[in-house]
Amino acid sequence: MSLKKLNTVLAAVVVLFTLYLGLSFVLPLGTTFPGLANWPSDGSGFSIVKGSREIAMGLAMGVLLVRGHRRPLGWVLLMMAIAPFGDTVNVLAHHGSTAAALGIHGLTAVLIAVTGLLILRETSTTPATAAQPA
């Protein structure tokens, strides 16, 4: 499998999972925030805010992926990795499960960042057959 195909599959997985996660927070599916023992009650709006954030992130990445804008997709993936990193910090700051903070949110941040870096690496290489300036 070529690097481009692998990167496309990884990016598609990130996009689809992000959209699924966002919808699970917005729709009444009984989703909880992994690692937080004291999940805010439904009346707080926390799940709607979190779900809306995830949906917006998924759509932004998805549009870039579908339209073939690979270099901007790489940069956006790197930026989007900040959200699960923030979730890691949130869980740890509120005395949640360290295992969930690092094992779920931390690994998610790393996966998204690595995918972004792979796409940036892929798009920064110039083909050997490219015309050289005279």
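Report follows, based on the coordinates. (Residues numbered from 1 in each chain as written. Predicted model: local features only at pLDDT ≥ 70, side-chain atom pairs only at ≥ 80, totals over all residues. Heavy atoms only, no water.)

1. Details of the packing of helix 2 (residues 46–67) against helix 3 (residues 70–80)
Part 1 of the argument: Interaxial distance between helix 2 and helix 3 falls to 8 Å at its minimum, and their mutual angle equals 160°. On the basis of the axis angle, helix 2 is roughly antiparallel to helix 3. The two elements helix 2 and helix 3 meet at a crossing, and its hand is left-handed. Contacts from M57, A60, M61, L64 and L65 of helix 2 reach helix 3 at R70, P72, L73, V76, L77 and M80. (Axes fitted to C-alpha atoms, helices over the stretch in contact; angles between N-to-C directions. Helix = DSSP H or I, 4+ residues; strand = E, 2+ residues; numbered from the N terminus. Parallel < 35°, antiparallel > 145°, perpendicular 65-115°, else oblique. Left-handed = near helix turned anticlockwise from the far one by under 90°. Contact = heavy atoms within 4.5 Å.)

2. Concerning the packing of helix 3 against helix 4 (residues 82–93)
Part 1 of the argument: In the contact formed by helix 3 and helix 4, the axes pass within 5 Å of each other and the chain directions differ by 10°. Compared by their axis directions, helix 3 and helix 4 come out roughly parallel. Judged by residue contacts, L78, M79 and M80 of helix 3 engage I82, A83 and P84 from helix 4.
Part 2 of the argument: Here the contact of helix 3 with helix 4 is composed, by residue class, of six nonpolar, no polar and no charged. (Nonpolar A, V, L, I, M, F, W, Y, C, P; charged D, E, K, R; others polar.)

3. As for the environment of T88
Part 1 of the argument: Take T88: it is sitting in helix 4.
Part 2 of the argument: Relative accessible area serves as the criterion here: at 7%, T88 is assigned to the buried category.
Part 3 of the argument: When the C-alpha atoms of T88 and L107 are compared, they prove to be 9.4 Å apart, with 19 residues separating the residues in sequence.
Part 4 of the argument: Look past the residues within four positions of T88 in its chain and what remains in contact with it is A101, L102, H105 and G106.
Part 5 of the argument: Within polar-contact distance, the side chain of T88 engages the backbone oxygen of A101 at 3.3 Å. (Buried < 20%, exposed > 50% of the residue type's maximum accessible area, 1.4 Å probe, protein only. Polar contact = N/O pair within 3.5 Å; in protein donor to acceptor, adjacent residues only side chain to side chain.)

4. Some remarks on the packing of aromatic side chains
Part 1 of the argument: Tallying each qualifying case throughout the model produces one aromatic pair.
Part 2 of the argument: Look at F17 and Y20: their rings are 6.5 Å apart centre to centre, the planes differ by 40°, and that puts the pair in the tilted class. Here F17 pairs with Y20, and both are found in helix 1 (residues 3–26), just three residues apart, close to one helical turn.
Part 3 of the argument: Residue classification places F17 among the partly exposed residues on the basis of a relative accessible area of 43%. (Phe/Tyr/Trp six-rings, centres within 6.5 Å; stacked < 30°, edge-to-face > 60°.)

5. Points about a nonpolar patch on the surface
Part 1 of the argument: Together, M1, L3, L6, V9 and V13 give the surface a local cluster of nonpolar side chains, amounting to about 470 Å² of exposed area.
Part 2 of the argument: For V9, the position within the fold is in helix 1. (Patch = residues over 30% accessible without salt bridge, like charges linked within 9 Å, V, L, I, M, F, W, Y side chains within 5 Å. Areas by Shrake-Rupley, 256 points an atom, 1.4 Å probe, with all protein chains shown as cover. Salt bridge = Lys/Arg side-chain N within 4 Å of Asp/Glu carboxyl O.)

6. Points about the nonpolar core
Part 1 of the argument: Ranked by internal contacts, the top residues of the largest apolar core, which has 16 residues, are A11, M61, L73, L77, M80 and I112.
Part 2 of the argument: Of all the secondary-structure elements, those providing two or more residues to this core are helix 1, helix 2, helix 3 and helix 5 (98–124).
Part 3 of the argument: Ignoring anything within four residues of it in the chain, the contact list for L77 reads A11, V14, M61, I112, T115, G116 and I119. (Core = buried A, V, L, I, M, F, W, Y, C linked by side-chain atoms within 4.5 Å.)

Limitation: the analysis is restricted to geometry and does not speak to function.
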